Amino acid sequence: MNSLQIFIIRAVLGAVFAVVLSRFFYPGANLMYIMGLGVILVGLAYLAEYLRDRRSGNKGRS
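Residues numbered from 1 in each chain as written. Predicted model: local features only at pLDDT ≥ 70, side-chain atom pairs only at ≥ 80, totals over all residues. Heavy atoms only, no water.

**Some details on the packing of helix α1 (residues 3-25) against helix α2 (residues 31-56)**
Inference 1: For the pair α1 and α2, interaxial distance at closest approach is 8 Å and the crossing angle is 130 degrees. Considering the angle they form, α1 stands oblique to α2. Along this stretch, α1 crosses α2, giving a crossing that reads as right-handed. Every residue of α2 that contacts α1 at I6, F7, R10, A11, G14, F17, A18, V19, L21, S22 and R23 is listed here: Y33, I34, L37, G38, L41, V42, A45, Y46 and E49.
Inference 2: Residues of the contact of α1 with α2, tallied by class, amount to 14 nonpolar, three polar and three charged. (Axes fitted to C-alpha atoms, helices over the stretch in contact; angles between N-to-C directions. Helix = DSSP H or I, 4+ residues; strand = E, 2+ residues; numbered from the N terminus. Parallel < 35°, antiparallel > 145°, perpendicular 65-115°, else oblique. Left-handed = near helix turned anticlockwise from the far one by under 90°. Contact = heavy atoms within 4.5 Å. Nonpolar A, V, L, I, M, F, W, Y, C, P; charged D, E, K, R; others polar.)

Encoded structure:
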């Protein structure tokens, strides 16, 4: 998979999980809060990938 496909998958999953988490823990959340949570989740996915690649010695995807 190329990096655009991975971004799209992460963005969709981030949006879905943001909606589920915000409705479960904070039902009165507005749209901006949910969007911000989605951006944070996608950012954390990229941070986790960076830390995993740095620790294992991988230098990006081939």
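Read on, since the account is not over.
**Quick word on the side chain of E49**
Inference 1: The topology assignment puts E49 in helix α2.
Inference 2: Of note is the side chain of E49, whose polar atom sits 2.9 Å from the side chain of R10. (Polar contact = N/O pair within 3.5 Å; in protein donor to acceptor, adjacent residues only side chain to side chain.)

**Considerations on a nonpolar patch on the surface**
Inference 1: Where nonpolar side chains cluster on the molecular surface, the patch consists of M1, I9, L13, F17, L21, F24, F25, Y26 and Y33 and spans about 1100 Å² of accessible area.
Inference 2: At six residues, α1 tops the list of elements feeding residues into the nonpolar patch.
Inference 3: Structurally, F17 is set in helix α1.
Inference 4: Residue class for F17 comes out partly exposed when judged on its relative accessible area of 48%. (Patch = residues over 30% accessible without salt bridge, like charges linked within 9 Å, V, L, I, M, F, W, Y side chains within 5 Å. Areas by Shrake-Rupley, 256 points an atom, 1.4 Å probe, with all protein chains shown as cover. Salt bridge = Lys/Arg side-chain N within 4 Å of Asp/Glu carboxyl O. Buried < 20%, exposed > 50% of the residue type's maximum accessible area, 1.4 Å probe, protein only.)

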